[in-house]
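Now for the letters of each chain:
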Amino acid sequence: MSSQIFRSVARSAKAGLSASRSSSVGQGRAFTAAAATMISSRGKSNYFASFFDRAGSGKPLMGWLSSAMAVPAAVYMLQDQELHAAEMERTFIAIKPDGVQRGLISEIISRFERKGFKLVAIKLVIPSKDFAEKHYHDLKERPFFNGLCEFLSSGPVLAMVWEGEGVIKYGRKLIGATDPQKSEPGTIRGDLAVVVGRNIIHGSDGPETAKDEIGLWFNPNELVSYASNAEKWVYGVN
Ligand code: IDP
Ligand code: MG
């Protein structure tokens, strides 16, 4: 599903919202029905139904719909949070044993958090060497493969999944080049690491890798889907 389709739905929702603000409740209702149709056709009907259920406190749906203020508010909430959440990508980020031991967890997390990305999974684990070899399977022909896997399994690793628009590619930008000697100042490796063998952080390098790595490190039930209150300020269409 392209983000452009979502954006056009969001724009329609916004246009409808503006119209309903300055018009009658009847028009607001008609607009809401249209928005609900658009949303349910995109598989969002369950959320929509449960939202009304919560907001309506068990009142019949049409009774609750008669509130002129609440209807646009509900649509606005969908526009800014749920519609956008559906198009978000996820990436796997890990702070390696050197980053954990050097006390860089909060420094690294804060860079992703301040950017506007959303943390959806996190755990501290000591991976086995076998597991490290699975994680780095694409490097098994490289001379440093054994040492790299020994190192990754030598201590706690902070495994995370971050979510956001463009998070896979931009996560790599935040991290910086593999060799900290070549990482730009301002990047995590550029600011906080010196040599390639101790470059403190891992980040998925593409959509396929992200999917595989998230699946390797996390069970599906460890990924927490939620609407962040900040999202309506981080994302928007003008
Ligand atoms: P990436 O972590 O930036 O994606 P990759 O090429 O996937 O870089 O390599 C995985 C990890 O292997 C690096 O983060 C680094 O820890 C280690 N590594 C890469 N190149 C070398 C090397 O030339 N010597 C030692 N370790 C290396
Ligand atoms: Mg890599």
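Presented here is an overview of the structure given in this document. It should be emphasised that the depicted structure is a prediction, and the values quoted were computed from it without experimental measurement.

## Thoughts on the pattern of salt bridges
Moving on, step 1. Enumeration over the complete set of coordinates arrives at eight salt bridges.
Moving on, step 2. Its salt-bridge partner being K118, residue E163 comes within 3.3 Å of it at the nearest N-O pair. A residue pair is termed long-range when its members are at least 10 positions apart, and E163 in strand β3 (residues 157-164) and K118 in strand β2 (residues 118-125) qualify at 45 residues.
Moving on, step 3. What makes E163 buried here is its relative accessible area of 6%.
Moving on, step 4. By relative accessible area, K118 is classed as buried at 7%.

## Focus: the environment of V196
Moving on, step 1. Here V196 shows up in the loop between α11 (188-192) and β4 (201-203).
Moving on, step 2. Look at V196 and you get partly exposed, because its relative accessible area is 47%.
Moving on, step 3. For V196 and A177, which are 19 residues apart along the polypeptide, the C-alpha to C-alpha distance reads 9.4 Å.
Moving on, step 4. Among all residues touching V196, those that are not within four sequence positions of it are T178, D179 and P180.

## A short note on the packing of aromatic side chains
Moving on, step 1. According to the stated counting rule, one finds four aromatic pairs in the structure shown.
Moving on, step 2. Geometrically, the ring pair formed by F92 and W217 is stacked, given 5.0 Å between the ring centres and 25 degrees between the ring planes. Taken together, the positions of F92 in strand β1 (residues 89-95) and W217 in helix α12 (residues 207-217) put the pair 125 residues apart, joining distant regions of the chain. Both residues of the pair, F92 and W217, belong to the buried class.
Moving on, step 3. Summarising the aromatic geometry, the rings of F92 and F218 are spaced 6.4 Å apart at their centres and angled 65 degrees between planes, so their arrangement reads as edge-to-face. Placement of the pair is F92 in strand β1 and F218 in the loop between α12 and α13 (231-234), with a sequence separation of 126 residues. Neither residue differs from the other here; F92 and F218 are each classed as buried.

## What to know about the side chain of T187
Moving on, step 1. Inspection of the secondary structure assignment puts T187 in the loop between α10 (167-175) and α11.
Moving on, step 2. In terms of polar contacts, T187 uses its side chain to reach the backbone amide nitrogen of G190, at 2.9 Å.
Moving on, step 3. Excluding residues that lie within four positions of it along the chain, T187 makes contacts with R111, K173, L174, I175 and G176.

## Observations regarding the site of ligand 1
Moving on, step 1. Close to ligand 1 lie K96, Y136, L139, F144, L148, R172, T178, R189, V196 and N199.
Moving on, step 2. One nitrogen or oxygen atom from the side chain of R172 is found 2.8 Å from an oxygen atom belonging to ligand 1.
Moving on, step 3. Taking a 2 Å distance to the grid points as the criterion, the majority of the atoms of ligand 1 fall inside the largest pocket.
Moving on, step 4. Along the lines of polarity and charge, the residues of the shell around ligand 1 split into five nonpolar, two polar and three charged.

## A short note on the nonpolar core
Moving on, step 1. Core analysis: the largest hydrophobic core is formed by 21 residues, its most contacted members being I108, F112, W162, I188, I200 and I201.
Moving on, step 2. Going through the elements one at a time, β1, α7 (105-115), β3, α10 and α11 are the ones with two or more residues in this core.
Moving on, step 3. Top contributing element to this core by residue count: α10, with four residues.
Moving on, step 4. If we skip the residues at most four places from it in the chain, W162 touches E89, R90, T91, I93, I109, F112, E113, F117, K118, L119 and V167.
Moving on, step 5. Counting 18 residues, the second largest nonpolar core, distinct from the first, contains F92, V120, C149 and A159.

So, how was this worked out
- Residues numbered from 1 in each chain as written.
- Chains lettered and ligands numbered in written order.
- Predicted model: local features only at pLDDT ≥ 70, side-chain atom pairs only at ≥ 80, totals over all residues.
- Heavy atoms only, no water.
- Salt bridge = Lys/Arg side-chain N within 4 Å of Asp/Glu carboxyl O.
- Helix = DSSP H or I, 4+ residues; strand = E, 2+ residues; numbered from the N terminus.
- Buried < 20%, exposed > 50% of the residue type's maximum accessible area, 1.4 Å probe, protein only.
- Contact = heavy atoms within 4.5 Å.
- Phe/Tyr/Trp six-rings, centres within 6.5 Å; stacked < 30°, edge-to-face > 60°.
- Polar contact = N/O pair within 3.5 Å; in protein donor to acceptor, adjacent residues only side chain to side chain.
- Near = heavy atom within 4 Å.
- 1 Å grid on protein atoms, 1.4 Å probe; cavity = no way out; pocket = protein on both sides within 12 Å on 5 of 7 lines; lining within 4 Å.
- Sits in = over half its atoms within 2 Å of the grid points.
- Nonpolar A, V, L, I, M, F, W, Y, C, P; charged D, E, K, R; others polar.
- Core = buried A, V, L, I, M, F, W, Y, C linked by side-chain atoms within 4.5 Å.

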